[in-house]
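# Reading the structure
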Amino acid sequence: MNLLDPQGPVAAANSTILVDSVFIMLAIVVPTIIAILGFAFWFRASNPRAHFQPDFVYSGRVEMVVWAIPALTVILLGGVAWIGSHQLDPAAPVPGTGSPVRIQAVSLDWKWLFIYPDQRIATVNTLTVPAGAELNFQLTSSSVMNTFFIPQLGSMIYTMNGMVTKLNLRADSEGKLQGLSAHFSGDGFPDMMFDVDVISPLAFPDWVAATAKSDAVLNEESYKKLMQQGIEKGRPTYRLDDPRLFDLIASQHIPPGPGPELISDAGRPHSGGHDAR
Amino acid sequence: MLGKLDWSAIPFDQPIPLIAGAVVLFGILAVLIWVVVKGHLPYLWHEWITSVDHKRIGVMYILLASVMLLRGGSDAIMMRIQQAVAYQSQGYLPPEHYNQIFSAHGTIMIFFVAMPFVIGLMNLIVPLQLGVRDVAFPTLNSVGFWLTATGALLVNLSLVIGEFARTGWLAFPPLSELSYSPGVGVDYYAWSLQISGVGTLVAGINLVTTVLKLRTKGMNYLRMPMFCWTTLASNLLIVAAFPILTATLAMLLLDRYLGFHFFTNEAGGNVMMFMNLIWAWGHPEVYILVLPAFGIFSEVVSTFSGKALFGYRSMVLATMAICIISFMVWLHHFFTMGAGPDVNAIFGIASMIIAIPTGVKIYNWLFTMYGGRIRFETPMLWSIGFMVTFIIGGLTGVLVAVPPADFMLHNSMFLVAHFHNVIIGGVLFGAFAGFEYWFPKAFGFRLDDRWGKLAFWFTFLGFYVTFVPLYVAGMLGMTRRMQHYDVAAWRPWMFVAAAGMAVLTIGVICQIVQIVVSIRNRDALRDRTGDLWDGRSLEWATSSPPPVFNFAFNPDVRGEDAYWDIKSRAQQQSLEHEVPEYHDIEMPRNSPTGFVCAFFATIMGFALIWHIWWMVILGGIGAFATFVVFAWRDHDEYVIPADEVAAIDRVNIEERRSLVSMAGTV
Amino acid sequence: MSMTATAGRAHADPHHIGLVIEHPGPAPKRIVTAYGFWVFLLSDIVMFSCFFAAYAVLVGQTAGGPKGSEIFDQRNVAIETVCLLLSSFTCGMASIAADVRNRFWFYLGMAVTCGLGVVFLAIEFREFADLVSRGYGPSRSAFLTAFFSLVGCHGLHVSAGVLWLLTMMAQVFAKGFRADVLRRMMCFALFWHALDIVWVGVFSVVYLLGSGV
Ligand code: HEM
Ligand SMILES: [Cu+2]
Ligand SMILES: [Cu+2]
């Protein structure tokens, strides 16, 4: 999950900006740290060779420089930030080969549901995508906030109930990656890790076909069961009954997921995360 | 009768909080019994609890912060151990417990360690530096302190009765709404912060008024010591920002208690509004904390370099610039919400702009050292440690202000490392520097050097060993608030961080030992001059500890670095020999208002948390009655007769004079 | 002990600030108190702004419930506004009476202020009770949540103001126009006028703009 080992163009651009910014800043930070230590050492009271200048407390020229150094750095970085924000806007297209894959991600308590509306399938806690194709994500949440993040593909984004956020990514090479939720969402939060299988574009239709044969069906009813609090250790797959399911969730036609059930009045709720273990 | 409260509220099945709570309870009881048996109660009551003396209140703030630092530190140790062991396992802390710990840790460290520490130091020193006898509203000052203490008490009560929030230190809805957090945890969180928030607001109003309206003769704005400037800026931020927190938490509470829909998923509530509101307070809050620390470093660096502060005007300008810009950057805390490239870029650049005045400050300290005669006393060590550490924290701060970089680093361990880098390296180091620097002023004896320096080195090294691994873990994709994890690459770094925590702990122990040793050897460490560091501002112009009235005469300031100026002139003309004419001094009377107020606030807060409505009403009536009684008071001042003032002052003058003549002969 | 003071600078203006009007010293108590209270009022207004902001964000979120124009009663609001504006005037009268130490006009001014405040609160309470009884309570929709909170927050302030007003009358009765009582009276008057200003905001943002939609 190394951020400096990107597997797609977005992550590559993110981490380039990250590294470049660090180097731009190091260029003034390192000399400053050396100066701090150097001045402190040289002007120690016990150094007879250091020249004591108690009146050196004001110098217009030094102050000019002192304001100019951080200002120039910030102008440079501000440019990086401006250009980067526009080029790497999560909603900006990321052209790829072949036709784009639409994926609708829903964060549940505490698992990820990935709906492929065009393929009429859905998966939980695994995301299978073809290498090289543009991936158009639409994201929402069934209850509390989460953040969708695949470190090696780049740019994370929030998922919020009743709202849809957009993210475009691309994975360039086949292999297994990992994704996670980057926003604390309750007791089962650490178990919201998911697998990302990047497979060859040729294998993708086969995978879709195989998944579509699944016995389990995802519709409003089974979705409501799925959104109960709990942890999913397996990797279930579904045939998608209604391709508009995501819209029903995002528009709150399906009401938000329930929280924990109370077992005592004393305010110590029964913990769903605990239970599932 | 007792609302939601029943026996199941006591976590008999969870030994750790129960034992911890029992130990604390036992400790408190033991201290209480000791106090009563030894007959110290009247002393405590008259000299401390009801005191409205800004110095005493400052000391109590710092004591509260120190005790809470131990509590927050214990949480930190538990978390670091958990993350070191919880690889492919549950570790030793189940999620419902771990999640409470990190929430309590954050809440306590910000609201009950950092805040009271800096407010305490400001209280203690600012009136002295301004050359006046007290703050603008002494009784309110005491109210402010005791309300803060009430908040701290409630948070700690949640350890043994009920639970604390499991939502993180900012309690984001909808997770913090009743449907997803039905327990009392969030209520503990919100009510403690509401109560202590009122206390903070009171302190803020008080200090703003003090700096703006109570300055001794000749203390023009541009002659104020830097610490007074940063105090002003920080408290202006408190006055402008804390009401936002109060309103936001009030909305959350209305949602939870009365079924309102500010932030719920249902009926049109808006979560994003919470994020905007809470960070509109939250970002200024970090500057509320760090600005006073900047002030402390300015005082310390200039004193121990034997020079006036370099670029004073730049410093003032930078301080006020930070004060204003800090209200215009809050959105950088949620770049990943998808607000669009223009918005993200504008807020990213605005955030970087704050780094400019901050950088200027670093350079000004640097040039203050240039050409100085630097004495490496403990406060100076903390200051140099700060300068180095804070630059790195600033670097990573500007990095996460670049939106595309933040898209990878948001909410990660890298972010955790960033804000600890600035808060520990900035605020805590500053608080420690101030503590070492002004302790002799408050108590009349200095702190042991050797242990102080050991404490610095262990803390300094421990900090890096603990937090550099977190930067690395963040680069490896690790997010914050993980109760357990299955990624092998993260594990070694969690081990190193745990080891670093051990080093940090040694640092804290050294500091405790330092205090104990110094109290034992206080006679040897006694400072009779009132000016042991060869200081430059007016707090050093009076004895240590200063008399209740601070100054027998309000000093007459004729230039910058007021006391240095007085000292220079005194040396040139030799000390004035005419016997001054003393006058009666009026001082504010002690008042139990603060304590009683806090007592009722505690009752009311507790009752609100547990829905015990009759008790809420009782507490409310009590608080109102206290207010009316306070408003009814007839004499809020007493007079210290001129003879007594003269007697106290002469002793001090004698000490100083003999000192100067000694120095003359050497 | 090093006495490096001699080695220090001889002049007191190392940073070339050059000034100077000398600061005369600490301000008198009356000024300090009023100043502190001003600062408090500013902070209170910041808090109100949050509720205003929340109202602006949530005003469209009626969740199938009523819109503003369907529930606001212009006549009531007009009476409320008149009450508060008048009370500000009578409060000013009372302040002047306190300054010239005229007990009669002071009591009269305060009593009328109190009466107007209570009428205001009664009307507001009736409006709230009526809405709740029709099923339009604050939990009906986010819009109503924001409406009740903003208007209610102002109402709570007015209630606190009425309590304070009564204590002020009692204090003058028991202690006369002592300096500290006068200082408190000044703060009270500032508070009451500030509530008036906030009400003008509430009136325009909630009722005037709201009834158009
Ligand atoms: C050099 C100037 C600074 C800049 C540009 C900066 C920037 C940022 C940014 C952009 C974030 C949000 C990152 C994210 O959530 O993804 C952040 C978080 C934070 N910063 Fe800074 N920062 C600076 C200085 C400080 C200082 C001086 C403090 C405290 C004394 C501080 C304390 C914090 C805290 C507590 C958080 C985390 C809040 C949370 O999410 O829990 N920062 N900083
Ligand atoms: Cu949203
Ligand atoms: Cu910030």
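No experiment lies behind these values; they were computed from the predicted model shown.

The protein gives the iron atom of ligand 1 a lone donor atom, His418(B) (NE2), placed 2.3 Å from the metal. Separating the iron atom of ligand 1 from the copper ion (ligand 3) is a gap of 4.7 Å.

Relative to the helices and strands, Val151(C) is located in helix H5 (residues 142-175). In this view, Val151(C) contacts Glu124(C), Phe128(C), Val202(C) and Tyr207(C); residues no more than four positions away in its chain are not counted.

The next subject is the coordination of the copper ion (ligand 2). The copper ion (ligand 2) binds to the protein through Met160(A) (SD), Met163(A) (SD) and Met272(B) (SD), with metal-donor distances spanning 2.2 to 2.7 Å. Taken together, the residues span two chains, with Met163(A) in the loop between strand E7 (154-159) and strand E8 (165-170) and Met272(B) in helix H8 (residues 271-305). Under the relative-accessibility criterion, Met272(B) is labelled partly exposed at 22%.

With that settled, consider the pattern of salt bridges. All names here are of chain B. A full pass over the atoms with the stated rule returns 24 salt bridges over all chains. Ionic pairing is found between Lys-55 and Asp-53, a salt bridge with its closest N-O pair at 3.2 Å. With a relative accessible area of 11%, Asp-53 lands in the buried category. One connected set of salt bridges, linked through shared partners, spans Glu-377, Arg-446, Asp-449 and Lys-453.

Residues and elements named next belong to chain B. Around ligand 1 sit 23 residues in total, of which Trp-169, Asp-406, His-410, His-418 and Arg-480 are the nearest. Residue His-410 places a side-chain N or O atom 2.6 Å away from an oxygen atom belonging to ligand 1. At 3.1 Å, a side-chain N or O of Arg-480 approaches an oxygen atom of ligand 1. Counting residues per element, the ones that place at least two in the shell around ligand 1 are H8, helix H11 (378-400) and helix H13 (413-443). Top contributing element to the shell around ligand 1 by residue count: H13, with six residues. For the shell around ligand 1, the per-class residue count stands at 14 nonpolar, seven polar and two charged.

Each value, and the rule that gives it
Residues numbered from 1 in each chain as written. Chains lettered and ligands numbered in written order. Predicted model: local features only at pLDDT ≥ 70, side-chain atom pairs only at ≥ 80, totals over all residues. Heavy atoms only, no water. Donors = N, O, S within 2.8 Å, 3.2 Å for Na, K, Ca; no water. Helix = DSSP H or I, 4+ residues; strand = E, 2+ residues; numbered from the N terminus. Contact = heavy atoms within 4.5 Å. Buried < 20%, exposed > 50% of the residue type's maximum accessible area, 1.4 Å probe, protein only. Salt bridge = Lys/Arg side-chain N within 4 Å of Asp/Glu carboxyl O. Near = heavy atom within 4 Å. Polar contact = N/O pair within 3.5 Å; in protein donor to acceptor, adjacent residues only side chain to side chain. Nonpolar A, V, L, I, M, F, W, Y, C, P; charged D, E, K, R; others polar.

These values are about where atoms sit, not about what they do.
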